[in-house]
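So the chains spell out like this:
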Amino acid sequence: MKIAILGGTGEQGPGLALRWAMAGEEVIIGSRSQERAEKVAAELNAELGQARIRGLENPKAAEAAEIIALTVPYSAHLSTLESVKAQVQGKIFVDVSVPLDPDNPRRMKMPPAGSATEEAQAFLGPETKVVAAFQNVSSHLLRDPQHAVDCDVLVCGNDAEAKKTVMSLVAKMGLHAYDVGPAESARVVEGLTSILIRLNIRYKVKGAGIRLTGLPR
Ligand SMILES: NC(=O)c1ccc[n+]([C@@H]2O[C@H](COP(=O)([O-])OP(=O)(O)OC[C@H]3O[C@@H](n4cnc5c(N)ncnc54)[C@H](OP(=O)(O)O)[C@@H]3O)[C@@H](O)[C@H]2O)c1
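**Student:** Help me understand the overall build of the protein chain in this model?
**Tutor:** Summing up its helical and strand segments, the protein chain has 8 helices and 10 strands in all. Taken against the 2.2 N^0.38 rule, which gives 17 Å for 217 residues, the C-alpha radius of gyration of the protein chain at 16 Å falls within 12% of a compact globule. In terms of its C-alpha atoms, the protein chain occupies a principal-axis envelope of roughly 40 × 40 × 40 Å. In the protein chain, which comprises 217 residues, the proportion classed as buried is 52%. Considering only contacts within the protein chain whose residues lie at least 6 apart along the sequence, 71% involve residues at least 24 apart. As presented, the protein chain carries roughly 10100 Å² of accessible surface, and 52% of it is formed by carbon and sulfur atoms. If the 25 positive side-chain charges of the protein chain are averaged to one point and the 25 negative ones to another, these points end up 5 Å apart.

**Student:** Would you take a moment to explain the sheet that holds strand E2 (residues 26–31) for this structure?
**Tutor:** Read across the open sheet, the 8 strands follow the order E3-E2-E1-E4-E5-E8-E9-E10; overall the sheet is mixed. Single-partner strands in this sheet number two, and they are strand E3 (53–57) and strand E10 (176–179). Averaged over all pairs of adjacent strands, the angle between their axes in this sheet comes to 25 degrees, without regard to strand direction. Pairing of strand E9 (residues 152–157) with E10, which is carried by 4 bridges, proceeds in the parallel orientation. Within E10, the residue paired with Leu-154 across the bridge is Tyr-178. Contacts between helix H7 (residues 160–172) and the sheet are confined to strand E1 (2–6), strand E4 (67–70), strand E5 (92–95), strand E8 (129–132), E9 and E10, with E10 contributing the most and set at about 160 degrees to the helix.

**Student:** Which parts of the structure should I look at to understand the side chain of Gln-87?
**Tutor:** Relative to the helices and strands, Gln-87 resides in the loop between helix H4 (77–84) and E5. For Gln-87, a relative accessible area of 19% translates into the label buried. In contact with Gln-87, other than residues within four places in its own chain, are Pro-59, Ala-62 and Glu-63.

**Student:** Explanation requested: the site of the ligand in the structure shown.
**Tutor:** Around the ligand there are 22 residues in total, and Thr-9, Gln-12, Ser-31, Arg-32 and Val-72 lie nearest to it. Within the backbone of Gln-12, one N or O atom sits 2.8 Å away from an oxygen atom of the ligand. Residue Val-72 places a main-chain N or O atom 2.8 Å away from an oxygen atom belonging to the ligand. Coverage of the ligand by the protein chains reaches 76% of its 890 Å² of free accessible surface. Residue composition of the shell around the ligand, by class: 8 nonpolar, 11 polar and 3 charged.

**Student:** Would you mind showing me how to read the environment of Phe-123 here?
**Tutor:** Mapped onto the elements of the fold, Phe-123 is located in helix H5 (residues 116–124). The sequence separation of Phe-123 and Ile-3 amounts to 120 residues, and the corresponding C-alpha distance is 21 Å. Residues within four places of Phe-123 in sequence aside, it is in contact with Leu-78, Leu-81, Glu-82 and Lys-85.

**Student:** Got a minute to help me understand the environment of Gly-30 in this structure?
**Tutor:** By the element assignment, Gly-30 lies in strand E2. Separated by 10 residues in the primary sequence, Gly-30 and Val-40 have C-alpha atoms spaced 9.6 Å apart.

**Student:** Looking at this structure, how should I read the packing of helix H1 (residues 12–22) against helix H2 (residues 34–48)?
**Tutor:** Two numbers describe a pair of packed helices, the interaxial angle and the distance between the axes. In the contact formed by H1 and H2, the axes pass within 11 Å of each other and the chain directions differ by 45 degrees. Between H1 and H2, the angle falls in the class oblique. Relative to H2, the crossing made by H1 is right-handed. Across the interface between the two elements, Pro-14, Ala-17, Leu-18, Ala-21 and Met-22 of H1 pack against Val-40, Leu-44, Glu-47 and Leu-48 of H2.

The rules behind the values
- Residues numbered from 1 in each chain as written.
- Predicted model: local features only at pLDDT ≥ 70, side-chain atom pairs only at ≥ 80, totals over all residues.
- Heavy atoms only, no water.
- Helix = DSSP H or I, 4+ residues; strand = E, 2+ residues; numbered from the N terminus.
- Rg over C-alpha atoms; globule rule 2.2 N^0.38 Å.
- Buried < 20%, exposed > 50% of the residue type's maximum accessible area, 1.4 Å probe, protein only.
- Contact = heavy atoms within 4.5 Å.
- Areas by Shrake-Rupley, 256 points an atom, 1.4 Å probe, with all protein chains shown as cover.
- Lys, Arg positive; Asp, Glu negative; His and termini not counted.
- Charge placed at Lys NZ, Arg CZ, Asp CG, Glu CD.
- Pairing = 2+ DSSP bridges.
- Axes fitted to C-alpha atoms, helices over the stretch in contact; angles between N-to-C directions.
- Near = heavy atom within 4 Å.
- Polar contact = N/O pair within 3.5 Å; in protein donor to acceptor, adjacent residues only side chain to side chain.
- Nonpolar A, V, L, I, M, F, W, Y, C, P; charged D, E, K, R; others polar.
- Parallel < 35°, antiparallel > 145°, perpendicular 65-115°, else oblique.
- Left-handed = near helix turned anticlockwise from the far one by under 90°.

If you want it as structure tokens, here you go:
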């Protein structure tokens, strides 16, 4: 499976890239800059000890991949979606974005569509299968491959098959995914991140997460 991570040069993208590459997937780091994408890909390959990750500009990365994940700040959500709209048609699009209030990241500032996920689905159109995942997983935990991540990944979206594919990619990283329903569930899933940020601040930690109970694992 070829997976592109748009905005993969930041905090959240490299951990996803590293863990998917370790699981044998072919990963493409996307960026607004070819140079930055290649630099981060080279750093991650050095850490991996093999060349499974390459770097491309976001539209080229989206074109080359079968699955596209988006890890840019919410302020860049619509502009990045616009830059890859043609390239993601018919594909699975994993939205990791959280619309935090730029003035106070302990609070949400949801878009009129209800959530970033619903906004992406409406903007990209029905041919693209938007799935929300990883909003509640800390970049600090993901980025350290020696660290087993023990939180769960809540996955939602309107296409059942696309969710299954994303859940299998979550499992390949050694994390457990639960299907929490249609795209509108993202209002809650994305919103939980603001609570995790409050918990990180209150308890002086970097990786507060969510773990479900009472369900088969
Ligand atoms: N960090 C976490 O722990 C975490 C956890 C869960 C969810 N998330 C969500 O994941 C998303 C990414 O978070 P992050 O912490 O990785 O963000 P980040 O490090 O601030 O940014 C990620 C990348 O986005 C690109 N970017 C920045 N500003 C942009 C703009 N104006 N237009 C287009 N691209 C821009 C940059 O890549 P280039 O300059 O190379 O293009 C940057 O390296 C956010 O929506 C966040 O809420 C983050």
